[in-house]
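Now for the letters of each chain:
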Amino acid sequence: MAADRMTTPQSSSRQSSSLSSSPMSTRMQSLQVDSVQRWMEDLRHMTEVECMCVLQAKPIGVEEDAQQGELIVASGVGAGDHVARNNLQTLLRRALVVSTELGKMFQRLEKGRWQRVHSTAVRANCHVRSLVHEYSTARSTPPEMQKYEKSLLEKCMELTNITERCLHTDDEFFLKSMREAIHEILTDVSDSFSNMIDMALANEIRVLIKQIDSSDNVHTIGSAISNLLSLTQDGPQLCSIIAKEGAVVALFKICRQDRFRDLYAHALRTVASICCVEEGINQLDKVDGILCLADILTDETSVEAARAEAAAVVAQITSPHHTSTQHLASFLESMHDIVTALIKLCESASCGEVFLLASAALANITFFDSMACEILLQLNAIQILLQACRDRQRVDTPYSKDQVVTILANLSVLEQCASEVLQQQGIERLLLLLGEKPSSASPSEGAACERVQQKAAVTLARLSRDPDVAQTAIQLKAVPRLIELCRSPTERNNSDSVLVACLAALRRLAAGCPDSIEAADHQQLIKPRLVDSFLLCSNMEESFV
């Protein structure tokens, strides 16, 4: 059933709330500095526009002894690390300020609020000049970027001048033509600014990658990896830039050297983040990264943290969300070793996150090749996974249960799976999963519980092709629970996918044991077409009458 083939979150701690805020807003969340230092830095962006114009947007203060024109932000770190982190923070802060001002201009232009359009243009011009000046002071600017800077500054000045002209007339025809011209210039400024920031970030990323490539110092490399990891949290666009600059190649170079074993986990976590975009996966494929992952996963001397992060990379690159599958050809060559190592990691996991990463990788793998399901059956995966469900140290969240039930749903297409599930008392576990409810108001946790319920019902329906499974499920009172989920929207969190899966499971059980369903339920939930029963239940008040 296609409905249960959904990508599952790798970790509750890695959940991307991602998805609702703008890239620039998200970037700000990753900047962690002392509150007083934040206040001092914010003062730089709150300067009166008139003062900024008089000073020609020169920076308010530069530490005299700062190396390479380093700006005042933090202290107590190594100079090189300080400069790299400070440049990135400054770029992101300034980029957010300018982006906000440009957004305001678009809104005010549409409303024809010319005084505000002009004042916003002046502020944006000042902030852009300040950003360009600060960055060129802190780091030598590449020639290609200098061309963008010059063009951008010219357009910002043109924008300031043309908006000023609109303050001195009430001619509607003139203002209408100016609105179109300003909108075009403003669009050019936004595009040029975005390109310049991307180039500046790429320049900073190259500095970090050079540190990883050329340094022999574990601390220096670790700090550069930390900065890269922090950048990956700012969204897919930055991940694409990081991948294009060769970060994946440099990180796998680290993971192939025994002297850097302590950095494996850190490097692999960064690789997993970068591989949320196709460019990252393509780079991984080019450097035979899958072979390296297989080596780390199967190496019994590797620490659990490194194997867990290797599992995270596997989960990322096998996600059904990716449109490209070219890299999976090389994955198939190592699949047996990887699957074996992952199920062992599930069995020996010391905590919930390790189990979650390993099981998420297995869940994704079972989607794209039936051979993986056969390998898992041979490795007693059903016993291992069901035993893990009884261990709250390993399976402690709906996200982990989602991975387990996804694997079981995919294994249940194999005929020999039914006897294994019966032997390990898996039907009882499936019925418990049908009762999964969120422990908080978190939307992501609620969605995970819905997936658990849906896939548990799908698994039960598939396994109930076997008469022994169907009989066991009926004896364990699966039918009343399925009916309750169909009739009570709150029990299924108003989920249509759970409703469809439960109706399908009910009909499967009724086909084998008609007497298990009462006449009224049969009349409403079994006899009509599936779509009619669905419409009846989806519009039903919470009642069992």
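Residues numbered from 1 in each chain as written. Predicted model: local features only at pLDDT ≥ 70, side-chain atom pairs only at ≥ 80, totals over all residues. Heavy atoms only, no water.

Looking at an unreviewed UniProt entry, one finds the chain named Protein inscuteable-like protein and attributed to Larimichthys crocea.

1. Some points on the overall build of the chain
Selection criterion: Every helix listed is a DSSP run of H or I at least four residues long, and every strand listed is a run of E at least two residues long, numbered separately from the N terminus. Exposure is judged per residue with a 1.4 Å probe applied to protein chains only, and the accessible area is read against the type maximum: over 50% gives exposed, under 20% gives buried, and values in between give partly exposed. Throughout, a residue-residue contact means that at least one pair of heavy atoms, one from each residue, lies within 4.5 Å. For accessible areas, the Shrake-Rupley method is used with a probe of radius 1.4 Å. Any residue's cover is judged against the shown protein chains and nothing else.
Broken down by element type, the chain carries 28 helices and 0 strands. Every one of the 545 residues in the chain was classed for burial, and the buried ones make up 53%. For the chain, contacts bridging at least 24 residues in sequence account for 74% of all contacts bridging at least 6. Counting only carbon and sulfur atoms, one obtains 50% of the accessible surface of the chain, whose full area is about 24600 Å².

2. Side note on helix H17 (residues 352–368)
This is how the line gets drawn: Expected helix span is taken as 1.5 Å per residue step, with the number of steps being one fewer than the number of residues.
A rise of 1.5 Å per residue sets the reference length of H17, with its 17 residues, at 24 Å; its end C-alpha atoms lie 25 Å apart and thus fit the reference within 8%. Burial runs high along H17: 15 of the 17 residues are buried.

3. Overview of the environment of Val405
Of note, Val405 is situated in helix H20 (residues 398–411). Taking the C-alpha atoms as reference points, Val405 and Ala456, 51 residues apart in sequence, are found 6.1 Å from one another.

4. Observations concerning the packing of aromatic side chains
The geometry of two aromatic rings is summed up by the distance between their centres and the angle between their planes. Defined as follows: Between the rings of Phe, Tyr and Trp (Trp by its six-membered ring), a pair exists once the centres lie within 6.5 Å; its type follows the angle of the planes, with under 30 degrees stacked, over 60 edge-to-face, and the other angles tilted.
In total, this model carries 1 aromatic pair according to the counting rule given. Measuring from ring centre to ring centre gives 5.6 Å for Phe331 and Phe368, while their planes differ by 70°; the resulting arrangement is edge-to-face. In this pair, Phe331 is assigned in helix H15 (residues 328–333) and Phe368 in helix H17, connecting sequence segments 37 residues apart.

5. Describing the nonpolar core
Formally: Remark: nonpolar core denotes a set of buried residues (Ala, Val, Leu, Ile, Met, Phe, Trp, Tyr, Cys) joined through side-chain atoms within 4.5 Å.
If you look at the biggest cluster of nonpolar residues, it comprises 160 residues, and the most contacted ones within it are Phe252, Leu284 and Leu342. Ranked by residue count, the leading element in this core is helix H7 (residues 172–214), at 17 residues. With sequence-adjacent residues up to four places away left out, Phe252 is seen in contact with Leu268, Val271, Leu284, Val287, Gly289, Cys292 and Leu293.

6. Side note on the pattern of salt bridges
Defined as follows: The term salt bridge refers to a pairing of a side-chain nitrogen on Lys or Arg with a carboxyl oxygen on Asp or Glu at a separation within 4 Å.
The final tally for this structure, using the stated rule, is 17 salt bridges. Here Lys253 ties to Asp213 by a salt bridge, and the two come within 3.8 Å at their closest N and O atoms. Taken as a pair, Lys253 in helix H10 (residues 247–255) and Asp213 in helix H7 lie far apart in primary sequence, 40 residues in all. Asp213 sits in the partly exposed class, given a relative accessible area of 38%. Through salt bridges that share partners, Lys437, Arg481, Glu484 and Glu491 make up one connected network.

7. As for helix H26 (residues 496–512)
For the α-helix, the turn length of 3.6 residues means that residues three or four positions removed from each other point alike. Between its terminal C-alpha atoms H26 stretches 25 Å, which fits the 24 Å expected from 17 residues at 1.5 Å a residue. On its buried face, H26 sits against helix H23 (443–463), helix H24 (467–475), helix H25 (478–487), helix H27 (519–526) and helix H28 (530–538).

8. Things to note about the side chain of Asp521
Put simply, the rule is: We call two N or O atoms a polar contact when they sit within 3.5 Å, provided that within protein one can donate a hydrogen and the other can accept it, with sequence-adjacent residues counted only if both atoms are side-chain atoms.
Here Asp521 is to be found in helix H27. Residue class for Asp521 comes out buried when judged on its relative accessible area of 12%. Polar contacts involving the side chain of Asp521 include one to the side chain of Arg487, which spans 3.1 Å. Those residues in contact with Asp521 that lie beyond four places of it in its chain are Ile483, Arg487 and Ile526.

9. A short note on unusual backbone geometry
A positive phi angle, close to 55°, is found at Asp288, a residue other than glycine. Within the secondary structure, Asp288 is located in the loop between helix H12 (278–286) and helix H13 (289–298). The backbone of Asn493 sits at a positive phi, close to 55°, despite the residue not being glycine. The topology assignment puts Asn493 in the loop between H25 and H26.

10. A few points about the packing of H13 against helix H14 (residues 304–317)
Selection criterion: Angles shown run from 0 to 180 degrees and are taken between the N-to-C directions of axes, each axis being a line fitted to C-alpha atoms and, for helices, limited to the stretch in contact. Helix crossings are classified by the rotation of the near helix relative to the far one: an anticlockwise turn of less than a right angle makes the crossing left-handed, while a clockwise turn makes it right-handed. Residue type decides the class: Asp, Glu, Lys and Arg count as charged, Ala, Val, Leu, Ile, Met, Phe, Trp, Tyr, Cys and Pro as nonpolar, and the leftover types, Gly among them, as polar.
For the pair H13 and H14, the least separation of the axes is 9 Å and the interaxial angle reads 145°. Of the two possible hands of crossing, H13 and H14 adopt the one that is left-handed. When H13 is examined against H14, the residues Ile290, Leu293, Ile296 and Leu297 are found in contact with a partner set consisting of Ala306, Arg307, Ala310, Ala311, Val313, Val314 and Ile317. Among the residues making up the contact of H13 with H14, the classes are represented as 10 nonpolar, no polar and 1 charged.

11. Side note on the confidence of the model for the chain
The line we're drawing: pLDDT expresses how confident the predictor is about each individual residue, on a scale running from 0 to 100.
For the chain, the mean per-residue pLDDT works out to 82, and 83% of the residues sit at or above 70. Per-element confidence in the chain ranges from a low mean pLDDT of 40 for helix H3 (residues 49–54) to a high of 97 for helix H11 (residues 264–274). Segment residues 47–80 is flagged for pLDDT under 50; beyond a separation of four residues in sequence, or across chains, it makes 56 contacts in the model.

12. Thoughts on a negative patch on the surface
Stated precisely, the cut-off is as follows: Like-charged residues are merged into a patch within 9 Å and nonpolar side chains (Val, Leu, Ile, Met, Phe, Trp, Tyr) within 5 Å, provided each residue has over 30% relative accessible area and no salt bridge. Just so you know, the count uses Lys and Arg for positive and Asp and Glu for negative, and it drops His and the chain ends. Where a charge sits is defined by one atom per residue type, namely NZ (Lys), CZ (Arg), CG (Asp) or CD (Glu).
A grouping of Glu158, Glu184, Asp188 and Asp191 is seen on the molecular surface, where their side chains present a negatively charged patch. The greatest single-element share of the negative patch, amounting to 3 residues, is contributed by H7. Along the polypeptide, Glu184 turns up in helix H7. According to the relative accessible area criterion, Glu184 is exposed, its value standing at 54%.

13. Describing the environment of Gly446
Along the chain, the position of Gly446 falls in helix H23. Separated by 46 residues in sequence, Gly446 and Arg492 have C-alpha atoms that sit 10.0 Å apart. Apart from the residues within four sequence positions on either side, Gly446 is in contact with Pro438 and Asn493.

14. Some remarks on the state of the cysteines
As a reminder, the rule being used: Any pair of cysteine sulfurs within 2.5 Å is marked as a disulfide.
The tally for this structure, following the rule as stated, stands at 0 disulfides. The thiol sulfur of Cys486 is not disulfide-bonded, and the nearest other cysteine sulfur, from Cys502, lies at 5.1 Å. We classify Cys486 as buried; its relative accessible area is 0%.

15. Re the side chain of Glu309
Mapped onto the elements of the fold, Glu309 is located in helix H14. Side chain to side chain, Glu309 and Arg269 meet in a polar contact 3.1 Å long.

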